[in-house]
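Next come the chains, spelled out residue by residue.
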Amino acid sequence: QLQLAESGGGLVQPGGSLRLSCTGSPFSLDYYHVGWFRQAPGKEREGVSCIASGTSGGSATNYADSMKGRFTISRDSAKNTVYLQMNSLEVDDTAVYYCAAIRRGSGKWCDLTLGKDYWGKGTLVTVSS
């Protein structure tokens, strides 16, 4: 079983930035499409971003419309880590952020739907002044 661990959450003021990390074990995340999702208090979990597997021959990414221009997803294969750089944070970005993954070749794509096979436990991001 692939295991995912998120880190980097915390308290930030509006307009600030955070970088979240998703580290996989014991397998290389290069063989997985990896996405970020979030769930705000009292709301449904929603897709944030996804990056295609590192072995796909490309670097395709997807973002929710509200994240475009503010959030950036990236991959560092040497560290077996996928990052979510979050800039210009807003109060309504407050949520638990989850990392999720799909094995390349599973027949599933790097999209923002919730039907992913592997999930981390989440890291809390609080945007408040």
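None of the values given here were measured: they were computed from a predicted structure.

1. Looking at the pattern of salt bridges
Close approach of charged atoms allows side chains with opposite charge to pair. Going through the model one piece at a time under the given rule, you end up with six salt bridges. Among the ionic pairs, D117 bridges to K108, the shortest N-O distance being 2.6 Å. Take K108: its relative accessible area is 33%, and that puts it in the partly exposed class. It is possible to trace a salt-bridge network through shared partners that takes in R38, E46, R70 and D93.

2. Overview of unusual backbone geometry
Among all residues except glycine, the phi angle is most often negative; among peptide bonds, the trans geometry is most common. Going from S25 to P26, the amide bond is cis rather than trans, its omega being -10°. Relative to the elements of secondary structure, P26 occurs in the loop between strand 3 (18-25) and strand 4 (32-39). One non-glycine residue, N80, adopts positive backbone phi at about 50°. Mapping N80 onto the fold places it in the loop between strand 7 (71-76) and strand 8 (81-86). Of note in the backbone geometry, S88 takes a positive phi value of approximately 50° without being a glycine. Topologically, S88 is positioned in the loop between strand 8 and strand 9 (95-103).

3. Some words on the side chain of R75
Considering the arrangement of structural elements, one finds R75 in strand 7. No salt bridge is formed by the buried R75; the nearest opposite charge belongs to D30, separated by 4.0 Å. Among the polar contacts listed, one links the side chain of R75 to the backbone oxygen of L29, at a separation of 2.6 Å. A polar contact is formed between the side chain of R75 and the backbone oxygen of A52, at a distance of 2.8 Å. Setting aside its immediate chain neighbours within four residues, R75 contacts L29, D30, Y32, V34, I51, A52, S53, G54, T81 and V82.

Calculation rules
Residues numbered from 1 in each chain as written. Predicted model: local features only at pLDDT ≥ 70, side-chain atom pairs only at ≥ 80, totals over all residues. Heavy atoms only, no water. Salt bridge = Lys/Arg side-chain N within 4 Å of Asp/Glu carboxyl O. Buried < 20%, exposed > 50% of the residue type's maximum accessible area, 1.4 Å probe, protein only. Helix = DSSP H or I, 4+ residues; strand = E, 2+ residues; numbered from the N terminus. Lys, Arg positive; Asp, Glu negative; His and termini not counted. Polar contact = N/O pair within 3.5 Å; in protein donor to acceptor, adjacent residues only side chain to side chain. Contact = heavy atoms within 4.5 Å.

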